Amino acid sequence: MKKIIVLLLCLLPLLVTAQRAKKTPNAPSSYPRNVIFIVGDGMGTAQVYSSIVAQRDHRSAFLRFPFSGFSRTYSFNRYTTDSGAGGSALMTGHKVENYHIAKGPDGTDYNSFLVDAKYLFGKAAGFVVTSSVLDATPASTYAHVTNRKLFDSISMQMAQCPFDVMIGGDINHFLPENRKDGLAPLDTLRSRGYDMVFNVMDMSQSHSRKICGLLTPDNPPKAMERGRMLTIGALKAIETLNRCDNGFVLMIEGSQIDWACHNNDSLYLVGEMADFEDMLNAVLDFAERDGQTLVVVTADHETGGLTLKNGSIEQGVNNPSWSTGGHTGVMVPVFSYGPGASLFSGVMQNTDFYNKLMLLMGAKWN
């Protein structure tokens with residue numbers, strides 16, 4: 001009996017350690033059916049906090065996330081990334097040179113987690129943005145080029161990509177009369193069975209399982225002019241992709257946060273962040289109801305060097321100042337909610353998102 005007691009006392013520390021290991025934030029207790037990955041282009045901690053203040057704290061969607069962290073944003077060849085390299089790192093798990101889209105310095109093409117989730121796990125996939133569908137961040141989900149401005153090539157790659165839903169702006173680059181190569185990617189999309197929609201109303205009324213929404217001739221206008229295009233588009237994408245038995249992956253970008261910060265335009269930023277918050281609340285409402293959806297929010301980089309010198313919490317007012325019209329190299333925030341969300345806390349590389357998401361979707365945790 002004494003030997004048994006001694007043995008149990010010896011094993012007790014090991015049992016306690018094992019129990020703690022089971023509860024470590026690095027080991028998810030469940031795996032998501034769906035992943036919604038959200039990018040606030042150019043959105044640093046100051047942009048987020050300015051929105052929390054403007055939303056009078058309790059109304060801010062950012063306060064609904066139970067886990068948070070930071071992402072390091074430098075590119076393969078620069079301390080300060082551009083959106084091409086920043087988006088590519090987030091989507092593919094590889095750092096690339098500035099201005100490259102999902103293409104390594106040796107010419108290797110890197111698949112995004114959306115493409116791999118589609119092919120490897122049979123998930124539906126898509127994106128919704130408030131920029132051209134050919135802009136750097138959406139392009140990094142499906143294209144491979146050495147220069148983010150090669151729109152003729154990027155648009156043809158988009159027309160041939162496997163996604164189920166693609167929503168944003170820029171009809172013009174899909175029309176042969178506006179292209180140097182004379183090709184018609186719009187015809188390619190139609191031949192592949194996409195419901196081509198060109199305004200928010202037609203998009204919201206579509207019942208197709210494959211939707212390509214080119215909702216504006218060029219880039220969409222500012223938030224105050226485009227209305228709830230981002231939120232409506234996000235909800236339509238969720239509704240459409242959620243029909244897939246294997247779940248879905250969706251990338252959503254608040255693209256014009258970056259543009260407001262490039263312009264050092266504080267009022268523009270207020271509108272874009274309010275629009276972003278509206279979308280976040282709608283997505284989190286879905287995730288809460290669904291119970292099987294992981295939501296991750298981050299940025300590709302910070303823009304403008306925004307500083308909040310003063311303000312009023314009670315009045316929801318910030319007193320911002322700017323240090324640059326370009327990007328900065330500071331870390332950007334990460335927020336996560338749902339199954340596996342704890343994996344996205346702490347300080348991480350922008351290349352870590354791909355690996356963590358693929359592990360969660362493949363449910364191959366060791």
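### Some remarks on the overall build of the protein
Next, step 1: Scanning the protein for helices and strands turns up 13 helices and 14 strands.
Next, step 2: A globule of 366 residues ought to have a C-alpha radius of gyration of about 21 Å, and the protein, at 21 Å, matches this closely.
Next, step 3: In terms of its C-alpha atoms, the protein occupies a principal-axis envelope of roughly 90 × 50 × 45 Å.
Next, step 4: Sorting the 366 residues of the protein into buried and exposed places 54% on the buried side.
Next, step 5: Taking the contacts inside the protein whose residues are at least 6 apart along the sequence as the reference set, 72% of them involve residues at least 24 apart.
Next, step 6: For the protein, the accessible area works out to roughly 15400 Å², and carbon and sulfur atoms hold 54% of it.
Next, step 7: Here the protein holds 32 positive side-chain charges and 34 negative ones, and the gap between their average locations is 11 Å.

### Examining the sheet that holds strand S13 (residues 332-337)
Next, step 1: One open sheet accounts for 10 strands, arranged S5-S6-S4-S3-S7-S1-S8-S13-S2-S14; its pairing is mixed. A strand with exactly one partner marks an edge of an open sheet, and here the two such strands are strand S5 (195-197) and strand S14 (346-349). Across the sheet, the mean angle separating the axes of adjacent strands is 15 degrees when strand polarity is ignored.
Next, step 2: Pairing between strand S8 (residues 293-298) and S13: three bridges, direction antiparallel. Residue Val297 lies in a different strand from S13, and its bridge partner there is Phe335.
Next, step 3: On the sheet, helix H3 (residues 83-92) packs against strand S1 (34-40), strand S7 (248-254) and S8 and is oriented at approximately 165 degrees with respect to S1.
Next, step 4: With respect to the sheet, helix H10 (residues 229-241) is in contact with S1, strand S3 (124-132), strand S4 (165-169), strand S6 (211-214) and S7, its orientation differing from that of S7 by roughly 175 degrees.

### A word on the pattern of salt bridges
Next, step 1: Taken as a whole and judged by the stated rule, the model has 13 salt bridges.
Next, step 2: Between Arg226 and Glu272 there is a salt bridge; the shortest N-O distance is 2.7 Å. In this pair, Arg226 is assigned in helix H9 (residues 223-226) and Glu272 in helix H12 (residues 266-290), connecting sequence segments 46 residues apart.
Next, step 3: Judged by its relative accessible area of 3%, Glu272 falls in the buried class.
Next, step 4: We note a salt bridge from Asp275 to Arg226, for which the minimum N-O separation is 2.8 Å. In this pair, Asp275 is assigned in helix H12 and Arg226 in helix H9, connecting sequence segments 49 residues apart.

### Description of H12
Next, step 1: Its 25 residues place the ends of H12 36 Å apart at the C-alpha level, agreeing with the 36 Å of an ideal helix rising 1.5 Å per residue.
Next, step 2: You can read the cap of H12 off the contacts: a side-chain oxygen lies 3.3 Å from the backbone nitrogen of Leu267, and it is on Asp265.
Next, step 3: Gly291, located one to two residues past H12, shows a positive phi value of around 75 degrees.

### Topic: the side chain of Ser312
Next, step 1: Mapped onto the elements of the fold, Ser312 is located in strand S10 (residues 307-312).
Next, step 2: Sequence-distant contacts of Ser312, that is, excluding residues within four places in its chain, are made with Val53 and Val317.

### Looking at the packing of aromatic side chains
Next, step 1: Considering all chains together, one arrives at nine aromatic pairs under this definition.
Next, step 2: A ring pair is formed by Phe62 and Phe276, whose centres lie 6.3 Å apart and whose planes are at 25 degrees; its orientation type is stacked. Taken as a pair, Phe62 in the loop between helix H2 (45-54) and strand S2 (67-72) and Phe276 in helix H12 lie far apart in primary sequence, 214 residues in all.
Next, step 3: Classification of Phe62 as buried rests on a relative accessible area of 3%.
Next, step 4: Using a relative accessible area of 1% as the deciding quantity, one classes Phe276 as buried.
Next, step 5: One aromatic cluster is present, built from ring pairs that chain together Phe37, Phe113, Phe344 and Phe353.
Next, step 6: The lysine or arginine in question, Lys95, covers the ring of Tyr74, its NZ or CZ lying 3.8 Å from the ring centre.

Conventions adopted
Counting starts from 1 at the beginning of each chain's written sequence and moves along it residue by residue. The predicted nature of this model means local features are confined to residues of pLDDT at least 70 and side-chain atom pairs, given and counted, to a pLDDT of 80 or more, with totals for whole chains, interfaces and linings taken over all residues. Side-chain figures throughout are based on the complete set of non-hydrogen atoms in the structure, without hydrogens or water. Here a helix means four or more residues in a row that DSSP labels H or I, a strand means two or more in a row labelled E, and each is numbered from the N terminus. The reference for a compact globule is 2.2 Å times residues^0.38; the radius of gyration itself is calculated from the C-alpha atoms. Categorising residues by exposure relies on relative accessible area from a 1.4 Å probe, with only protein chains included: less than 20% of the type maximum marks a residue as buried, more than 50% marks it as exposed, and the intermediate range marks it as partly exposed. Here, residues are in contact when the closest pair of their heavy atoms is within 4.5 Å. Per-residue and other accessible areas follow the Shrake-Rupley method at a 1.4 Å probe size, with only the shown protein chains counted as cover for residues. His residues and chain termini do not enter the charge count, which takes Lys and Arg as positive and Asp and Glu as negative. One atom stands in for each charge, and that atom is NZ of Lys, CZ of Arg, CG of Asp or CD of Glu. Strand pairing is assigned whenever DSSP detects at least two bridges linking the two strands. The convention used is that axes are lines fitted to C-alpha atoms, helices contributing only their stretch in contact, and that angles between N-to-C directions extend from 0 to 180 degrees. In what follows, salt bridge is the name for a side-chain nitrogen of Lys or Arg lying within 4 Å of a carboxyl oxygen of Asp or Glu. Helix span is expected to be 1.5 Å times the residue number reduced by one. Two N or O atoms form a polar contact when they lie within 3.5 Å of each other; inside protein one atom must be a possible hydrogen donor and the other a possible acceptor, and for residues adjacent in sequence the pair counts only when both atoms belong to side chains. Classification of ring pairs uses Phe, Tyr and Trp, with its six-membered ring standing for Trp, and accepts pairs whose centres are within 6.5 Å; under 30 degrees between planes counts as stacked, over 60 as edge-to-face, and the remaining range as tilted. When the NZ atom of lysine or the CZ atom of arginine is within 6 Å of a ring's centre and also within 35 degrees of its normal, the charge is said to sit over that ring.

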